[in-house]
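Next come the chains, spelled out residue by residue.
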Amino acid sequence: MSTEEFSVIGKPLAKVDAWEKVVGAARYADDFFLPRMAYAKIRRSDHPHALIKRVDTTRAQALPGVYAVVTGRDFPAVKFGILPVSQDEEALCTDKVRMVGDPIAAVAAVDEETAEKAADLIDVEYEVLPPIMSVEEALAQDKVRIHEYGDGPNIHKAVAFEFGDVEEGFRQADLVREDVFFYQGNTHLPMEQHAAVAQWSPDGKLTLWSSTQTPHYVHRALAKTLQMPPAWIRVIAAPVGGGFGGKTDPFSHEIVVARLAQLTGRPVKIGLTREEVFYCHRGRHPVLMWIKTGVTKNGEILAMHCRSYVDGGAYGSYGVASLLYTGALQTVTYKVPRYKFEGVRAFTNKPPCGPKRGHGTPQPRYALECHLDKVAEQLRLDPAEMRRRIAVDEYTKTANHLTITTCGLRECIDRVVEASGWREKHRKLPYGKGVGFACSSYLTGAGLPIYWNDMPHSGAIVKVDRGGGVAILCGATEIGQGSDSVLTYVVAEQLGIDPKDIRVATADSDLTPVDLGSYSSRVTLMAGHAAAQAAERIRTLLHEAVAKKLEVAPAELVSRGGRVFVKDDPERGVSFAEAAVLGETMHGTLACTGSYTPPKRAGKFKGSGVGPSPCYSYTACVAEVSVDPDTGEVKVDRVWIAHDVGRALNPLLVEGQVEGSVYMGLGEALMEEQVFREGLHKIPSMLEYKSPTTLETPEIYTILVETVDPEGPFGAKEAGQGPLLPVPPAVANAVHDAVGARIDEVPISPEKVARALELKKQGKPARVGPERLPVFKFPEPVKVASAFGEAADPSVKRKTQG
Amino acid sequence: MMRLPPFTYLAPLSVGEAVRMMADHGPEAMFVAGGTDLYPNMKRRQFEPKVLVGLRGIRELVGVRGEATTGLVIGAGTTLTDVSEHPAVREHVPALAVAAGLVSTPPLRNMGTIGGNVCVDPRCNYYNQSYQWRRAIGFCMKKDGDICLVAPGSSRCWAVSSTDTAPVLWSLGARARLVGVGGERVVPVASLFKDDGIDYLAKARDEVLTEILLPPVDGLRCAYLKLRRRGSFDFPVLGVAVALSLDGGRVKTAKIVLGAVASQPREAVEAGALLVGERLTPALIAEVAGVAARPSKPLDNTDLTHPYRKKMTKVFVARALRRLAGLPDSPENEEEVA
Ligand SMILES: Cc1cc2nc3c(=O)[nH]c(=O)nc-3n(C[C@H](O)[C@H](O)[C@H](O)COP(=O)(O)OP(=O)(O)OC[C@H]3O[C@@H](n4cnc5c(N)ncnc54)[C@H](O)[C@@H]3O)c2cc1C
Ligand code: SF4
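Residues numbered from 1 in each chain as written. Chains lettered and ligands numbered in written order. Predicted model: local features only at pLDDT ≥ 70, side-chain atom pairs only at ≥ 80, totals over all residues. Heavy atoms only, no water.

Peer 1: Where do I start with the overall build of chain A in this structure?
Peer 2: Regarding its fold elements, chain A presents 19 helices and 34 strands. By the compact-globule yardstick of 28 Å for 802 residues, chain A fits well, its C-alpha radius of gyration being 27 Å. Taking the principal axes of the C-alpha coordinates as reference, chain A spans close to 85 × 75 × 50 Å. Excluding contacts between residues fewer than 6 apart, the proportion of contacts in chain A whose partners are at least 24 apart in sequence is 81%. (Helix = DSSP H or I, 4+ residues; strand = E, 2+ residues; numbered from the N terminus. Rg over C-alpha atoms; globule rule 2.2 N^0.38 Å. Contact = heavy atoms within 4.5 Å.)

Following this line, the structure appears as structure tokens:
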């Protein structure tokens, strides 16, 4: 790796917050104890779908130790939601509940026990409505409606696009293949359960500490739902104990504690139970998918047509974006000259789905990669070789007008093929053992903001103290992924100082410039650019002052190793602390801002806003499995994964993200499922919602590929989500290689494998997966000329930096 | 977070004191040993005892005594970690060491005791849920309600016996010492259970399980296999314990006991009888496994589907017997090893 030119970038340093996390000193939201603090508890719905006839809080109010009880009527009648187009949630439901776990009333009391007791003493009368528990049911009927808005009864959104004439592509193809897949819903399962603490100051201002990935959106939601000027609200994201997309929406409990704190005149804390976290959800959408491709005999794709039937749950959340993501990134990995996508998201009476690591793309990735495995088998091609041949080219556009900059996919493929011994293993291992291949790509930050505006997506302030200490103030949110560390490395590199001399203050709406949040793999690129720019501006000021003192031109100076010195005469220079004094003497207080706005490269059609990104990461993966033919149990023995991260600002952190993604992907592939029975979440606990343990986690061989993308800070692209994507299909394809069974739906449970093998014994196709699709008429597609193969916009920088 | 209901904790130092305290407080009181089963259940309000009589301070309940040849004696308060790591247990009754070592997780095995494991509350995924969840679906008869949600027409509870060690102890022919206000008695582990998800122990409330008495091991071979989703944490959704003694290559005695397929461990009596006097051939094993699966009647109230658990009973019994016969797990690999 090319780290010579840098002092900090590319070095395997420990995270800046490693110590406090390791020794337990980090203060998570639930660790806040303020004087006179009260504890809140929410009374939630017992029914998946019902009208609220009456809420009687008398008994709760009478319980000693109770300070306040609120219902939906105690809030301004305004709804909220993360997307401007889906403002469909209430702080507390007033007239209707749409899932078991919907919030109805809340209590603040002297302690948690009393609050819980009081919550149970609230009497709720319901008029029960028939629940809708699946996308099929939702699309099949129009009598029962969950919401009064959307593109049809129980249809939140229906979309269709066609880029080029796909039918023409199918006509030219040597092989046209159709397959149907189902990707079961699953949840994030962060270790930390959501918690929030609200406090009102005597002058009527609100402070909220919360375990959130998006304090800026929480800030906006509080202002809206409490009808308060945003200037009087301060939102601070406490260190987050894992998010994975589960803490990117504003939540009812955050608004509720704010109101309870106002009413009681006390700080109010809420810590959700694990079961309540399952009700917050916003996890992976269950998606039923149909995919059709026309290919040449070499496996080159001539046209692709995908359909997604998306089970949204009870509310909108990010759903419109999630739905579009089930189609938008299908074109970024392989050359797809003609592309058609149709999708529908339905409302159901289950906890709302939203963005989980990979947001909307692991499902279609599963479909595409399993489908291509079948295509390769049918064409008698090596699946890795075939993928290599059809990988996209760098600096081109996709059919749906996305701009690709660097692409290390071919190198990723070569590296995992080599490392895993793919050629010696595929179709050659003994019965019960197999290898599977899959690739993917993912965005490095959404190109468009969630609410329409032309402001930067991220901002930072870098401030230099007279003693040489540096502070970074940035809205970015540390959720364990290492964003505080990345900001530190970038600034340390720019200023040539030791990372230890830097402090970061992040995610505080009073003190730090806005960053949109830790989602869509945007922080390293966007906040990284903002911090780099601020630091560069500071460096310019310092160099100007030092140049004057040393009587050289500023351009002759460099900052490195804690000094500012003449490049060609390193002896001549000053320490960074002296430079700070010189700088402040010359310029006054040393603080500079930086900000970042992504390039505007979306196509000119409605719905083009989801998919564009400054650049895309690429991944290739090989999974090796053992399948027990008697029990159907699948054991993943090894995973090789190569990830094009542009540049690893810290290879340790990138490897951590890759390994974490593999682990999470394996859970989705093999066991995790969000399932319901009689309208209730069947298994809302860490014991029964099966997620793999370290014992199920195989040896993971991570290979980092560096393409040094001109769009990223120091060339960096994303690493937090993309590496999850190829894992489930690689496992499915490996299961097929091992025992000849196609499991066309996740999770690939032992029962399904055993059933497929049973079918094989009976002489039937050894496949388990969805058999049919719901009847649904998609809207007429928006027809747009395919941009496939066009050169990237002139606005795209070509490798200049790094 | 979930909170424990309020209770008084009593800490007796002897079995006699514990029994008296229990008798004094009547139905309001419960014993607690490691608490790894009881405390989570209390948080979900499956139990709301006003008084807990803690057994952790009673020294006489802890430890493994005696010789394997005359019969090991395991104090009920011995932790699962200590049972699973005890050299004599590992050597002479490996199935017990395995079963104890497969319970939940290392931290829970450091707290959980073998006595508590034998007495573990039968489980059901309509029941091992929070109070609020149970209220939402409608309480069942095991706690707060009067119907069964798994078998709605049924007048009894079908919660699943989920102990890992009891099937093994049963297969070994172990006995249990119980001490209560009425005195002391020793009963076979096999008669410690009742096939009822609520009233699952054939012991008086005030009786403490003090010891497990293992029979002398003499040419005994035993095995335990556990079906669950993950390599840690998970309760069994099927357990198979087999104990055999051989005489000149022929089976002298045999017991096959199934766990987690009924409200108590269930002995596959007929299957065991088929083995006696015979050689452990692959063909016999296959036949016996089929017969052993018959009493396996799982219902839809645990992880994995019940038809699958039923199907796996046969596979697991065959595997356990094949292992004891020195055969590879699956008949398909037979030649490879032979
Ligand atoms: C996440 C998790 C996973 C688990 N996985 C498993 C598993 O895989 N297999 C399994 O078998 N168990 C499992 N358990 C249950 C439990 O941890 C073990 O069964 C453990 O051995 C119980 O022992 P204990 O001492 O903690 O019992 P306690 O919780 O103290 O007691 C359990 C019951 O036994 C009674 N009791 C305890 N000791 C005595 C005694 N000496 N005399 C009379 N009555 C007594 C108590 O009154 C109570 O009713 C799990 C628990 C959890 C929380
Ligand atoms: S078996 Fe029936 S009665 Fe027993 S716990 Fe389950 S639902 Fe309740």
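Peer 1: Please explain the site of ligand 1 as it appears in this structure.
Peer 2: Residue and element names in this part refer to chain B. With respect to spatial proximity, 35 residues lie near ligand 1, and among them F31, A33, T36, T113 and N117 are the closest. A distance of 2.7 Å separates an oxygen atom of ligand 1 from a polar side-chain atom of T113. In this structure, N117 approaches ligand 1 through a side-chain N or O atom, which is 2.7 Å from an oxygen atom. Computed on the free molecule, ligand 1 has an accessible area of 960 Å², of which 94% lies beneath the protein chains in the complex. (Near = heavy atom within 4 Å. Polar contact = N/O pair within 3.5 Å; in protein donor to acceptor, adjacent residues only side chain to side chain. Areas by Shrake-Rupley, 256 points an atom, 1.4 Å probe, with all protein chains shown as cover.)

Peer 1: Teacher, can you tell me more about the packing of aromatic side chains here?
Peer 2: Per the counting criterion, the structure on display carries 19 aromatic pairs over all chains. Taken together, a centroid distance of 5.7 Å and an interplanar angle of 80° make the contact between Y183 of chain A and Y366 of chain A edge-to-face. Taken together, the residues Y183 of chain A in strand β8 (residues 175–183) and Y366 of chain A in helix α10 (residues 362–379) connect sequence positions 183 residues apart. Each member of the pair, Y183 of chain A as well as Y366 of chain A, carries the same accessibility label: buried. Ring geometry for F7 of chain B versus Y39 of chain B: centroids 6.3 Å apart, planes at 25°, classification stacked. Here F7 of chain B, found in the segment before β1 (8–10), pairs with Y39 of chain B, found in helix α2 (residues 38–43); they are 32 residues apart in sequence, far enough to count as distant. When its relative accessible area of 24% is taken as the criterion, Y39 of chain B is described as partly exposed. Over the ring of Y126 of chain B we find R677 of chain A; its NZ or CZ atom is 3.5 Å from the centre of that ring. (Phe/Tyr/Trp six-rings, centres within 6.5 Å; stacked < 30°, edge-to-face > 60°. Buried < 20%, exposed > 50% of the residue type's maximum accessible area, 1.4 Å probe, protein only. Lys NZ or Arg CZ within 6 Å of the ring centre and 35° of its normal.)

Peer 1: Help me understand the pairing of strand β3 (residues 51–54) of chain B in this model?
Peer 2: Moving residue by residue along a regular strand, the side chains alternate between the two faces of the sheet. Residue and element names in this part refer to chain B. Here β3 shows a buried face lined by V51 and V53 and a second buried face lined by L52 and G54. Sheet topology note: the β1/β3 ladder contains three bridges and is parallel. Along β3, the bridge assignment pairs L10 with V53. Here strand β2 (residues 29–32) pairs with β3 via four bridges, running parallel. Bridging from a neighbouring strand, V32 pairs with G54 of β3. (Pairing = 2+ DSSP bridges.)

Peer 1: Would you mind showing me how to read the interface of chain B and chain A here?
Peer 2: Interfaces are often described in size by the accessible area the parts lose on coming together. Listed as interface residues are 36 residues of chain B and, on the opposing side, 43 residues of chain A. Counting the surface lost from both chain B and chain A, the interface buries some 3300 Å², and carbon and sulfur atoms represent 46% of this. Of the charged contacts in the structure, one is a salt bridge between D630 of chain A and R319 of chain B, with a shortest N-O distance of 3.2 Å. At the boundary of chain B with chain A, the tally comes to 21 residue pairs in polar contact (both at pLDDT 80 or more). Mapped by element, the contributors of at least two residues to the side of chain B that touches chain A are α8 (131–137) and α12 (306–324) of chain B. Within the side of chain B that touches chain A, the residues separate by chemical class into 15 nonpolar, eight polar and 13 charged. (Buried area = accessible area lost by both parts, 1.4 Å probe. Salt bridge = Lys/Arg side-chain N within 4 Å of Asp/Glu carboxyl O. Nonpolar A, V, L, I, M, F, W, Y, C, P; charged D, E, K, R; others polar.)

Peer 1: How should the layout of surface pockets be read in this particular structure?
Peer 2: Over the atoms rolls a probe the size of a water molecule, and in doing so it shows where empty space is left. Its boundaries defined by the atoms lining it, the second largest pocket holds a volume of some 1200 Å³. In this structure, the second largest pocket is lined by 39 residues; those nearest its centre are D628, T631, E633 and K635 of chain A together with R319 of chain B. Listed by contribution, the elements that provide at least two residues to the lining of the second largest pocket are β26 (616–627) and β27 (634–644) of chain A together with β9 (220–227) and α12 of chain B. Element by element, the count of residues in the lining of the second largest pocket is highest for β9 of chain B, at five residues. (1 Å grid on protein atoms, 1.4 Å probe; cavity = no way out; pocket = protein on both sides within 12 Å on 5 of 7 lines; lining within 4 Å. Points joined across faces, edges and corners; volume = space filled by probe spheres on them.)

Peer 1: What should I look at first to understand the nonpolar core in this one?
Peer 2: Residues L329, F437, V625, V731, V735 and I748 of chain A are the most contacted members of the largest nonpolar core, which totals 113 residues. Domain assignment of the residues forming this core places at least three in each of domain 1 (34–129 + 191–242 + 247–280) and domain 2 (287–448 + 603–784) of chain A. In this structure, V735 of chain A is in contact with V625, V627, V634, G740, A741, I743 and I748 of chain A, ignoring residues within four places of it in sequence. Judged by nonpolar contacts, the second largest core, of 40 residues, contains I74, Y200, L201 and V217 of chain B. (Core = buried A, V, L, I, M, F, W, Y, C linked by side-chain atoms within 4.5 Å. Domains from an automatic or database assignment.)

Peer 1: Is there a simple way to explain the confidence of the model for chain B in this structure?
Peer 2: In the predicted model, chain B carries a mean pLDDT of 95, and the fraction of residues at 70 or more is 98%. Prediction confidence for the complex, expressed as pTM and ipTM, is 0.97 and 0.96 respectively. (pLDDT = per-residue confidence, 0-100.)

Peer 1: Can you walk me through the site of ligand 2 in this structure?
Peer 2: Contacts to ligand 2 come from C124, Y126, Y127, C140, M141, K142, C148, L149, V150, C157, W158 and A159 of chain B. Across the shell around ligand 2, the residue classes break down as eleven nonpolar, no polar and one charged.

Peer 1: Please clarify how the domain arrangement of chain A should be interpreted in this entry.
Peer 2: Residue and element names in this part refer to chain A. Entries for chain A in the domain assignment read domain 1 (34–129 + 191–242 + 247–280), domain 2 (287–448 + 603–784) and domain 3 (455–596). The gap between the C-alpha centroids of domain 1 and domain 3 is 39 Å. At the junction of the two partners, domain 1 supplies 16 residues and domain 3 supplies 16 residues. At the junction of domain 1 and domain 3, the tally comes to two salt bridges.

Peer 1: Sorry if this is basic, but what is going on with unusual backbone geometry here?
Peer 2: Trans is the prevailing form of peptide bonds, just as negative phi is the prevailing case for residues other than glycine. All names here are of chain A. At the junction of V746 and P747, the peptide bond is cis and its omega measures out at -5° in the coordinates. Its place among the elements puts P747 in the loop between β32 (745–746) and α19 (750–761). Of note, the phi angle at R36 is positive, near 65°, even though the residue is not glycine. Considering the arrangement of structural elements, one finds R36 in the loop between α1 (18–22) and β1 (38–44). What makes R36 exposed here is its relative accessible area of 51%.

Peer 1: What should I look at first to understand the side chain of R742 of chain A in this one?
Peer 2: Residues and elements named next belong to chain A. Position of R742 among the secondary structure elements: in strand β31 (residues 742–743). Since its relative accessible area comes to 9%, R742 is described here as buried. At a separation of 3.5 Å, a polar atom in the side chain of R742 contacts the side chain of N733. A polar contact is formed between the side chain of R742 and the side chain of H736, at a distance of 3.2 Å. Once residues lying within four places of it in the same chain are set aside, the contact partners of R742 are C370, D373, K374, E377, N733, H736, A766, R767 and V768.

Peer 1: Help me understand the sheet that holds strand β4 (residues 64–65) of chain B, please; the structure alone is not making it clear to me.
Peer 2: Two orientations exist for strands paired in a sheet by backbone hydrogen bonds: parallel and antiparallel. Spatially, the five strands line up as an open sheet ordered β4-β5-β8-β6-β7 (chain B), and their pairing is antiparallel. Each of the sheet's edge strands pairs with one partner strand only, and the pair in question is β4 and β7 (183–188) of chain B.

Peer 1: How should I be thinking about the environment of H86 of chain B in this particular structure?
Peer 2: All names here are of chain B. With respect to the helices and strands, H86 occurs in the loop between α3 (80–85) and α4 (87–92). Residue H86 is classed as partly exposed on the basis of its relative accessible area, which comes to 22%. Measuring from C-alpha to C-alpha, the distance between H86 and F193 comes to 26 Å, with 107 residues separating the pair along the chain.

Peer 1: Mind showing me how you'd approach the environment of A754 of chain A here?
Peer 2: Its location among the elements puts A754 of chain A in helix α19. For A754 of chain A, a relative accessible area of 6% puts it in the buried group. Distance in space between the C-alpha atoms of A754 of chain A and D95 of chain A is 47 Å, their sequence separation being 659 residues. Not counting the four nearest positions on each side in its chain, A754 of chain A is found in contact with T631 and G632 of chain A together with Y308 and K311 of chain B.

Peer 1: Just to check I follow, could you spell out the sheet that holds β1 of chain A for this structure?
Peer 2: Residue and element names in this part refer to chain A. Overall, mixed pairing links the seven strands, which are arranged β3-β5-β1-β12-β9-β10-β11 in an open sheet. What marks the edges here is a single partner per strand, and that holds for β3 (66–71) and β11 (233–237). Between one strand axis and the next, the sheet turns through 20° on average, direction left out of account. Summarising the sheet, strand β9 (residues 195–200) and strand β10 (residues 206–210) pair through five bridges and their orientation is antiparallel. Its bridge partner being in β10, A198 is matched across the sheet by L208. Contacts from helix α6 (residues 215–225) reach β10 and β11, with the element oriented near 150° to β11. Taken strand by strand, helix α7 (residues 252–264) contacts β1, β3, β5 (103–109), β9, β10 and β12 (268–271), and its axis lies near 30° from that of β9. (Axes fitted to C-alpha atoms, helices over the stretch in contact; angles between N-to-C directions.)

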